[in-house]
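Listed below are the residues making up each chain.
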Amino acid sequence: MNNGTMKPTPPPADVHRTNFEILYERHSREVWALAYARWMNADTAMDIAQEAFLRLWKQWESGETILNPRAWLLRVARNLAEDYAKSAFRRNGTHPPQTMNGVQAHDPLPLESLEREETFAQLREVMEQLPKADREILTLRYALDHDTGEIAELLSINATAVHMRLSRARQRLAERLKATGVGQLP
Amino acid sequence: MSLVEPSPMKPGDDLDGLLRAFFRSQMPDPWPAPPVPRSASVVTMRPASSRHPLMRSRFALAASVALLLLGSLFLPGRFTHDLKPGSDAEGLMYGRDVERERMRQEMKSKHFEDQNKAGPGEGDGGPIHDSDEFDLPSMK
């Protein structure tokens with residue numbers, strides 16, 4: 001597989017900076033979504049996304065030209081998300097209590113918001129039990145509002161496969177939500 | 001044709017709405033700014049000379065040693081040239097004092113010779129004026 005890098009003359013730092021910000025604006029949500037689909041944690045996903053972009057910058061600084069930055073970022077984010085499973089940070093469990101169940105703490109918390117957060121926490125638990133591919137395609141579809149073509153391009157699969165995967169993912173999720181009694185928002 | 005098959009949830013259950021609301025609540029809002037590459041500011045702010053951090057300090061040390069050597073060569077010669085005969089390490093004014101004393105002695109001798117030429121008796125026994133009464137040239 002082509003790693004998408006070669007060694008021509010690097011552009012100046014200010015051009016790098018501008019390109020970096022454009023790439024961040026375009027692709028950071030996709031990178032975040034992939035990391036989120038892996039860990040179902042917004043903060044962890046953001047850490048992974050930012051680390052992926054910092055590594056992109058370091059590659060540029062070292063003189064590497066990345067021909068397809070989007071593909072490079074998504075690949076690095078996937079690798080970082082997998083490496084995160086092996087890290088001491090995760091093994092030792094350094095998440096604060098407020099985020100241990102995946103629900104962010106908000107004070108004061110009205111009753112309606114509390115119920116809503118509880119529903120989301122149950123949804124998160126169910127999604128964590130789904131296969132990683134299901135979480136990934138659901139995240140791309142519902143977090144980023146990507147259409148079939150965009151998902152197909154991002155996952156390097158055809159549109160029919162996207163339809164099939166998405167349909168099966170929704171079906172599995174709905175069955176488990178029904179089993180746990182989570183159906184709709186309060 | 002719908003892209004997504006009907007879910008096994010009850011009619012009215014909005015799985016799409018639930019998922020959208022869930023993911024919307026999870027995405028950071030506002031979206032964070034791009035990370036600031038630390039090395040970038042270092043690269044742009046670093047002057048060219050700091051690529052060799054030891055060169056500046058070595059140059060400063062060499063300049064200091066050279067200045068010290070030149071000073072030790074030229075300064076003693078300058079002080080030696082300026083001192084008058086009779087001066088010592090206490091200062092240059094000592095040479096002027098000697099000169100003033102020498103002139104005072106000459107004036108006394110001349111005054112004494114003039115008295116002798118005028119004959120015995122004239123000015124006999126007159127006191128020799130103190131040197132301060134003579135009109136000595138100013139040394140200033």
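Before any of the text, the structure's been laid out above.
Here's what I pulled together on the structure shown here. (Residues numbered from 1 in each chain as written. Chains lettered and ligands numbered in written order. Predicted model: local features only at pLDDT ≥ 70, side-chain atom pairs only at ≥ 80, totals over all residues. Heavy atoms only, no water.)

Next up on the list: the overall build of chain B. Counting its secondary structure elements, chain B contains 4 helices and 0 strands. Ordering the α and β elements of chain B from the N terminus gives α-α-α-α. When burial is assessed residue by residue, chain B has 16% of its 140 residues classed as buried. About 11,500 Å² of surface is accessible on chain B, with carbon and sulfur atoms providing 60% of the total. (Helix = DSSP H or I, 4+ residues; strand = E, 2+ residues; numbered from the N terminus. Buried < 20%, exposed > 50% of the residue type's maximum accessible area, 1.4 Å probe, protein only. Areas by Shrake-Rupley, 256 points an atom, 1.4 Å probe, with all protein chains shown as cover.)

A separate point is helix H8 (residues 159–180) of chain A. Residues and elements named next belong to chain A. With 22 residues, H8 should cover 32 Å at 1.5 Å per step; its first-to-last C-alpha distance of 32 Å lies within 8% of that length. Taken together, the buried positions of H8 are occupied by Val162, Leu166, Ser167, Ala169, Arg170, Leu173, Ala174 and Leu177. One side of H8 holds all its buried residues, which, seen down the axis, span an arc of 165°. In H8, those exposed residues whose orientation departs by more than 90 degrees from the buried face are Thr160 and Ala179. A side-chain oxygen of the first residue of H8 lies 3.3 Å from the backbone nitrogen of Thr160; this N-cap is Asn158. Trailing H8 by a residue or two, Gly181 shows a phi angle of about 80°, which is positive. (Expected span 1.5 Å × (residues − 1). Arc of directions from axis to C-beta. Polar contact = N/O pair within 3.5 Å; in protein donor to acceptor, adjacent residues only side chain to side chain.)

With that out of the way, let us pick up a nonpolar patch on the surface. Residues Leu61, Val65 and Leu69 of chain B make up a contiguous nonpolar surface patch of about 290 Å² in total accessible area. What makes Val65 of chain B partly exposed here is its relative accessible area of 43%. (Patch = residues over 30% accessible without salt bridge, like charges linked within 9 Å, V, L, I, M, F, W, Y side chains within 5 Å. Salt bridge = Lys/Arg side-chain N within 4 Å of Asp/Glu carboxyl O.)

Attention now goes to the side chain of Ser28 of chain A. Assignment of secondary structure puts Ser28 of chain A in helix H1 (residues 13–39). Polar contacts involving the side chain of Ser28 of chain A include one to the main-chain carbonyl oxygen of Tyr24 of chain A, which spans 2.6 Å. Polar side-chain contacts of Ser28 of chain A include one of 2.9 Å to the side chain of Trp31 of chain B. Here Ser28 of chain A is in contact with Leu23, Ala49 and Phe53 of chain A together with Trp31 of chain B, once residues within four sequence places are set aside. (Contact = heavy atoms within 4.5 Å.)

Bringing the pattern of salt bridges into the picture now. Residues and elements named next belong to chain A. Tallied over the entire structure, the rule returns 13 salt bridges over all chains. The partner of Glu82 in a salt bridge is Arg38, with the nearest N and O atoms 2.7 Å apart. With Glu82 in helix H3 (residues 69–86) and Arg38 in helix H1, the pair connects residues that are 44 residues apart, well separated along the chain. Put simply, Arg78 and Glu136 hold a salt bridge, and the shortest N to O gap is 2.8 Å. Placement of Arg78 in helix H3 and of Glu136 in helix H6 (residues 132–142) is noted, with a sequence separation of 58 residues between them. Via salt bridges that share partners, Glu30, Arg70 and Glu153 belong to a single interconnected network.

It is worth spelling out the packing of aromatic side chains at this point. For the structure on display, the rule yields 10 aromatic pairs over all chains. Considering the side-chain rings of Tyr24 of chain A and Phe53 of chain A, the 5.0 Å spacing of their centres and the 70° angle between planes classify their relative orientation as edge-to-face. Pair noted here: Tyr24 of chain A is in helix H1 and Phe53 of chain A is in helix H2 (residues 42–61), with a separation of 29 residues, a long-range link. Phe53 of chain A carries the same exposure label as Tyr24 of chain A, and that label is buried. Among the aromatic residues, those joined into a ring-pair cluster are Trp32, Tyr36 and Phe120 of chain A together with Phe22, Phe23 and Trp31 of chain B. Sitting over the face of the ring of Trp57 of chain A, Arg17 of chain A holds its NZ or CZ atom 5.9 Å from the ring centroid. (Phe/Tyr/Trp six-rings, centres within 6.5 Å; stacked < 30°, edge-to-face > 60°. Lys NZ or Arg CZ within 6 Å of the ring centre and 35° of its normal.)

This next bit is on the packing of H8 of chain A against helix H1 (residues 15–26) of chain B. Packing of H8 of chain A against H1 of chain B leaves a shortest axis separation of 11 Å and a crossing angle of 90°. Put simply, H8 of chain A runs roughly perpendicular to H1 of chain B. Contacts between H8 of chain A and H1 of chain B involve Arg170, Leu173, Ala174 and Leu177 of chain A on the former and, on the latter, Leu15, Asp16, Leu18 and Leu19 of chain B. Its residues assigned to classes, the contact of H8 of chain A with H1 of chain B comprises 6 nonpolar, no polar and 2 charged. (Axes fitted to C-alpha atoms, helices over the stretch in contact; angles between N-to-C directions. Parallel < 35°, antiparallel > 145°, perpendicular 65-115°, else oblique. Nonpolar A, V, L, I, M, F, W, Y, C, P; charged D, E, K, R; others polar.)

Considering soluble globular proteins, one finds that nonpolar side chains tend to be buried as a cluster. In this structure, Trp32, Leu56, Met127, Leu138 and Leu173 of chain A together with Leu19 of chain B are the most contacted members of the largest nonpolar core, which totals 61 residues. Of all the secondary-structure elements, those providing two or more residues to this core are H1, H2, H3, helix H5 (111–129), H6, helix H7 (148–155) and H8 of chain A together with H1 of chain B. Dropping the residues within four chain positions of it, Trp32 of chain A is found in contact with Ala42, Ala45, Met46, Ala49 and Ala143 of chain A together with Gln26, Met27, Pro28 and Trp31 of chain B. (Core = buried A, V, L, I, M, F, W, Y, C linked by side-chain atoms within 4.5 Å.)

Once that is clear, we can look at the environment of Ser28 of chain A. Assessed through its relative accessible area of 1%, Ser28 of chain A is described here as buried. Separated by 22 residues in the primary sequence, Ser28 of chain A and Gln50 of chain A have C-alpha atoms spaced 8.0 Å apart.

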